[in-house]
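Secondary and tertiary structure notes
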Amino acid sequence: MFRKTSLLSLSLALLLIVSACTKTPPAASSQPSTPEASSPNLPAISSPDEVPDLPVAPSSTSLVQFADEADFETLLNEDGTVTIKRYLGSGGDVVIPPEIDGKQVTAIGNIVGSVGAFEECDTITSVVIPDGVTEIQDNAFYSCTALETATIPASVTLLRNCAFDGCTNLRAVYFEGDAPRLANYVFVSVEDVTMYYQEGTSGWSNPWHGRPAELYEP
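Residues numbered from 1 in each chain as written. Predicted model: local features only at pLDDT ≥ 70, side-chain atom pairs only at ≥ 80, totals over all residues. Heavy atoms only, no water.

1. Remarks on the nonpolar core
- Ranked by internal contacts, the top residues of the largest apolar core, which has 43 residues, are Ile108, Phe118, Ile136, Phe141 and Phe164.
- Looking at this core, the elements with two or more residues in it are strand S2 (82-87), strand S5 (103-108), strand S6 (124-128), strand S8 (149-152), strand S10 (172-175), strand S12 (194-197) and strand S13 (213-215).
- Once residues within four sequence positions are removed from consideration, phenylalanine 164 is found in contact with Ile136, Phe141, Leu147, Ala150, Ile152, Leu170, Val186, Phe187, Val188 and Val190. (Core = buried A, V, L, I, M, F, W, Y, C linked by side-chain atoms within 4.5 Å. Buried < 20%, exposed > 50% of the residue type's maximum accessible area, 1.4 Å probe, protein only. Helix = DSSP H or I, 4+ residues; strand = E, 2+ residues; numbered from the N terminus. Contact = heavy atoms within 4.5 Å.)

2. Considerations on the sheet that holds S12
- The strand order across the open sheet built from 6 strands is S3-S6-S8-S10-S12-S13, with neighbouring strands paired in parallel fashion. A single partner strand is all that each edge strand has here, and the edge strands are strand S3 (92-95) and S13. Within this sheet the neighbouring strands show an average axis-to-axis angle of 20°, counted without direction. (Pairing = 2+ DSSP bridges. Axes fitted to C-alpha atoms, helices over the stretch in contact; angles between N-to-C directions.)

3. Quick word on the packing of aromatic side chains
- Inspection of every chain in the model, using the stated rule, returns 13 aromatic pairs.
- Ring centres of phenylalanine 72 and tyrosine 87 lie 5.5 Å apart, and the angle between their planes is 50°; on these two criteria the pair is classed as tilted. Placement of phenylalanine 72 in strand S1 (residues 72-76) and of tyrosine 87 in strand S2 is noted, with a sequence separation of 15 residues between them.
- Residue classification places phenylalanine 72 among the buried positions, given a relative accessible area of 7%.
- Between the aromatic rings of phenylalanine 175 and tryptophan 208, the centroid separation amounts to 5.6 Å while the plane-to-plane angle is 70°, which identifies the pairing as edge-to-face. With phenylalanine 175 in strand S10 and tryptophan 208 in the loop between S12 and S13, the pair connects residues that are 33 residues apart, well separated along the chain.
- Residue phenylalanine 175 is classed as buried on the basis of its relative accessible area, which comes to 2%.
- Through pairs of rings, three or more aromatic residues link up here, namely Phe72, Tyr87, Phe118, Phe141, Phe164 and Phe187. (Phe/Tyr/Trp six-rings, centres within 6.5 Å; stacked < 30°, edge-to-face > 60°.)

From the geometry alone we can't say anything about function, so treat these as descriptive.
As structure tokens, this is what we get:
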């Protein structure tokens, strides 16, 4: 009897993990998982003259320009800001504009009953999210299989359910501020990604939520 109960519990647990990030993601946890309480592993310096070479973040100025405002469908928020509802552009290296139609962008969205803003967009290779965005919502970049790098501003404090799940080629996420809170399944199916953070920011550990974390130069 004990063996049968254990096998049933294991099967149910595996089923929940496999089906976690779908068109209807699980409700956000009221207590998103927090970073491990340990000090970041900084590059070792054997002598005062030896300074380690840190990775350098891709700069938005190295990309040609902001994406065209016409590439985005938006939803007007009650405070007069907008949430990006859907990306309509051709892909490549995408630098999201901080304002669309003169209104500040504050979220990369998932409207109830719809897909994430960039969900299953298999043509974007990198994305730079503008300062002023505070959260990346459910399924925002779900299954963007060509996405390799993402730059997240200090203003982002929350990554919601399945935000980057299925981004199988994601290799680097550059965080410009303190470690954000995570909801559920944010980086599921992302096996080889490294989280990069800046010196002087807080909440980081190595590993961070099971992924390697390193300092980088902005």
